[in-house]
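Structural overview for review
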Amino acid sequence: MATTDAPTTSSRRRYERAAAPTGVEATFGEEEIIVSKTYTTGKITYVNRVFCRVSGYTEAEAIGMPHSAIRHPAMPRCVFQLLWDTIARGEEIFAYVVNLGRDGSHYWVFAHVTPTFDSAGQIVGYHSNRRWPDREAIAAIEPIYAALLEAEQGHPTKADAIAASTRLLGRVLAERGQTYEAFVFSLGQAVA
Ligand SMILES: Cc1cc2nc3c(=O)[nH]c(=O)nc-3n(C[C@H](O)[C@H](O)[C@H](O)COP(=O)(O)O)c2cc1C
């Protein structure tokens, strides 16, 4: 499977939409890693077997799919804005993410997303490794994500919604006196 060629016909492909969320949680092993790689556009270029099993997409279905296909409606958009801003600068980011499986199930992950550079130092794609998350961290992040999501409601544009939740995330971090990264790593350590 190609990882460096630009997408061609894939941009015209139609994708099966995931079912509506069912509330059923899908799990995976603590020793497993859900891996995907994307073009700089976010289109998927590689998935591993664990990705396929947990998300419910075959490799053939997943390759070429935009990564937003597995976005769960409980995920605040400001988290993805932060993710893209960070990786586009050439930096790594860690995030708790709940994803939508093809059958409407959901699965929480602790994601580590990194840019892939060519020999000239240019970003040629992105890579995400996802592990089974600490359950205390999920319990701590859920109400924060719910508040961020609420802050995104009722805005005329997606950009306005993201700006509103980004401001709220900034306030949450300021109250804690933490950077985003320190905040993420403090979750699940009984200080959240
Ligand atoms: C390497 C990589 C992995 C990603 N993994 C996920 C993921 O697991 N779940 C998800 O919802 N979005 C993921 N995204 C972000 C999506 O591209 C997208 O920004 C997000 O789903 C929000 O959708 P939207 O941009 O259409 O609002 C990933 C992006 C990259 C570059």
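See above for the structure.
Bear in mind the structure is a predicted one, so any value in this text is a computation, not a measurement.

So, the sheet that holds strand β1 (residues 34-38)
Taking strand neighbours across the sheet as the criterion, the 5 strands line up as β2-β1-β5-β4-β3 in an open arrangement whose pairing is antiparallel. Because the sheet does not close on itself, it has two edges, and the strands there are β2 (44-47) and β3 (93-100). Taking each pair of neighbouring strands and ignoring which way they run, the sheet shows an average axis angle of 30°. Relative to strand β5 (residues 123-131), strand β4 (residues 106-117) runs antiparallel, the two sharing 8 bridges.

Examining helix α5 (residues 158-176)
The end-to-end C-alpha distance of α5 is 27 Å, a good match for the 27 Å that 19 residues give at a rise of 1.5 Å each. Those residues of α5 not exposed but buried are A161, I162, A164, S165, L168, L169, V172 and L173. Of the surrounding secondary structure, the elements contacted by the buried residues of α5 are α3 (77-88), α4 (135-151) and α6 (180-186). Phi turns positive one or two residues past the end of α5, at G177, with a value near 65°.

A word on the site of the ligand
The environment of the ligand is made up of 16 residues, and the closest members are R71, R77, W84, N99 and R130. Between N99 and the ligand, the recorded distance is 2.6 Å, taken from a side-chain N or O atom to a nitrogen atom. Across the complex, the protein chains shield 88% of the 600 Å² of accessible surface that the ligand would expose by itself. Put simply, the parts of the chain that give the shell around the ligand at least two residues each are α3 and β5. Its residues assigned to classes, the shell around the ligand shows 6 nonpolar, 6 polar and 4 charged.

Let's talk about the pairing of β5
As paired elements, β1 and β5 share 5 bridges and run antiparallel to each other. Residue pairing in the sheet places I34 in a bridge with R130 of β5. Between the antiparallel neighbours β4 and β5 lie 5 residues, among them G121 with a positive phi of about 85°.

Quick notes on α3
Given a rise of 1.5 Å per residue, 12 residues ought to cover 16 Å, and the 16 Å separating the end C-alpha atoms of α3 matches this to within 8%. Every buried residue of α3 is listed here: C78, V79, L83, T86 and I87. For α3, the angular spread of buried residues about the axis comes to 160°, placing them on one side. On its buried face, α3 sits against β3, β4, β5, α4 and α5. Once α3 ends, the next one or two residues include G90, with phi positive near 90°.

Cut-offs applied
Residues numbered from 1 in each chain as written. Predicted model: local features only at pLDDT ≥ 70, side-chain atom pairs only at ≥ 80, totals over all residues. Heavy atoms only, no water. Pairing = 2+ DSSP bridges. Helix = DSSP H or I, 4+ residues; strand = E, 2+ residues; numbered from the N terminus. Axes fitted to C-alpha atoms, helices over the stretch in contact; angles between N-to-C directions. Expected span 1.5 Å × (residues − 1). Buried < 20%, exposed > 50% of the residue type's maximum accessible area, 1.4 Å probe, protein only. Contact = heavy atoms within 4.5 Å. Near = heavy atom within 4 Å. Polar contact = N/O pair within 3.5 Å; in protein donor to acceptor, adjacent residues only side chain to side chain. Areas by Shrake-Rupley, 256 points an atom, 1.4 Å probe, with all protein chains shown as cover. Nonpolar A, V, L, I, M, F, W, Y, C, P; charged D, E, K, R; others polar. Arc of directions from axis to C-beta.

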